[in-house]
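# A closer look at the structure
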Amino acid sequence: MEGNGGTVCVTGGTGFIASWLIMRLLEHGYSVRTTVRPDPDGKRDTSFLKNLPGASERLQILTADLSDPESFSPAIEGCVGVFHVATPVDFEDREPEPVVTKRSIDGALGILRACLNSKTVKRVVYTSSAAAIQYNNSGADILDEDSWSNVESIREMTRIGASYAISKTLTEKAVLEFGEQHGLEVVTVVPTFVHGPFICPKFAGSVRISLALVLGNAIREKISYDKYK
Ligand SMILES: NC(=O)c1ccc[n+]([C@@H]2O[C@H](COP(=O)([O-])OP(=O)(O)OC[C@H]3O[C@@H](n4cnc5c(N)ncnc54)[C@H](OP(=O)(O)O)[C@@H]3O)[C@@H](O)[C@H]2O)c1
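Residues numbered from 1 in each chain as written. Predicted model: local features only at pLDDT ≥ 70, side-chain atom pairs only at ≥ 80, totals over all residues. Heavy atoms only, no water.

By the naming in an unreviewed UniProt entry, the protein chain goes by NAD-dependent epimerase/dehydratase domain-containing protein and is assigned to Eucalyptus globulus. Listed under Sequence similarities (unreviewed entry) in UniProt, the entry text for the protein chain is "Belongs to the NAD(P)-dependent epimerase/dehydratase family. Dihydroflavonol-4-reductase subfamily." (UniProt positions renumbered as here; feature names shortened; annotations may be inferred.)

## Side note on the site of the ligand
The immediate surroundings of the ligand are formed by 26 residues, with T14, R37, Y164, T192 and V194 found nearest. In the model, an oxygen atom of the ligand is placed 2.7 Å from a nitrogen or oxygen of the V194 main chain. The protein chains hide 92% of the 900 Å² of surface that the ligand would expose on its own. Where the shell around the ligand is concerned, the elements lending two or more residues are α1 (16-27) and α7 (162-182). Per-class residue counts for the shell around the ligand are eleven nonpolar, nine polar and six charged. (Near = heavy atom within 4 Å. Polar contact = N/O pair within 3.5 Å; in protein donor to acceptor, adjacent residues only side chain to side chain. Areas by Shrake-Rupley, 256 points an atom, 1.4 Å probe, with all protein chains shown as cover. Helix = DSSP H or I, 4+ residues; strand = E, 2+ residues; numbered from the N terminus. Nonpolar A, V, L, I, M, F, W, Y, C, P; charged D, E, K, R; others polar.)

## Overview of the pairing of strand β2 (residues 31-36)
In terms of burial, β2 is largely enclosed, as six of its six residues are buried. Side chains of β2 alternate between two faces, with S31, R33 and T35 and V32, T34 and V36 buried alike. The sheet contact formed by strand β1 (residues 7-11) and β2 spans five bridges and is parallel. Its bridge partner being in β2, V10 is matched across the sheet by T34. For the crossover that starts at β1, traverses α1 and ends in the parallel β2, the hand is right-handed. (Buried < 20%, exposed > 50% of the residue type's maximum accessible area, 1.4 Å probe, protein only. Pairing = 2+ DSSP bridges. Right-handed = clockwise from strand over helix to strand, strands pointing away.)

Given below as C-alpha cells:
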C-alpha cells in the first residue's frame, strides 16, 4: 500500500540521522524505500527499522553501496523524492582521502543519475555538513551559500578528519553542479553537530564525540575539535 505522500527513498537507513528520518517519514504517511549496505553474511540487524510504526506496510529495505553507484537505481525508481544521507563518517582517516572522496562523489552522482532516469523524482535532498563550509580562514561571522571550505588548506594541514571534510566539500559542490546542469532540483542541508537519542543499534559517531566533550574521555584526545583550529 502506498502512503499518502507517495514513495521516497532514504539512503543509508542503518545510520543515526537516516533512521530518525525514516521514522518521521513513516509517521507522516510516506512510503519509504531505504538502502543498506549489502550483507552477504546476514549479520546486519535491521529489526529496529522493520519494527517502526507503519514499517510493515510502508517500508522496503533494499541493498546499495556508494562503491557501486548504479546499485541505488531499484530503490529510487518510482520515488517522488530522495534523501541522500549515506556516507562513511570516519574522523580517523582510515582510508586515503582520494578513495573516500571518489566513492562519495561517484556514489552521489550515480544516485542523481538514477533520479533523472526515474522521471518521477521531483526533489533530491543531499545531507552535506558544516565541514563543507567552515574551514575557509575567511574570519567571517556569518557563513552562507557562498562559503566553502578550502580543500587545499585542509590537505596541507593533514588535520584529523581531513578525508571527511574534503569529501563532504567536493561532493556538495558536485551534486549542486549536477542539479544545475541537468535541471534536477537538488537541495543541500548543512548540519553542524547532530546529537541526542538514537534508534539505531550502533552508537552514532557524532553522539560519541558530543559525549566525549562532556565526559572528557579518550575520544576527546583523539578527535579533539581543538585540532581543527
Ligand atoms: N551526525 C552529525 O552530527 C552530522 C553532522 C553533519 C553532517 N552529517 C551527515 O549526515 C549523514 C549521516 O550521518 P550520521 O551521523 O547519521 O552517520 P552514521 O550513523 O555513521 O550513518 C552513516 C550511514 O552511511 C552508510 N554508509 C557508509 N558507507 C557507505 C557506503 N560505502 N555505501 C552506502 N552506505 C554507506 C552507513 O552504513 P553502515 O551502517 O553499513 O556503516 C550508515 O547507514 C552523513 O552524510 C554525514 O556526513 C552528520
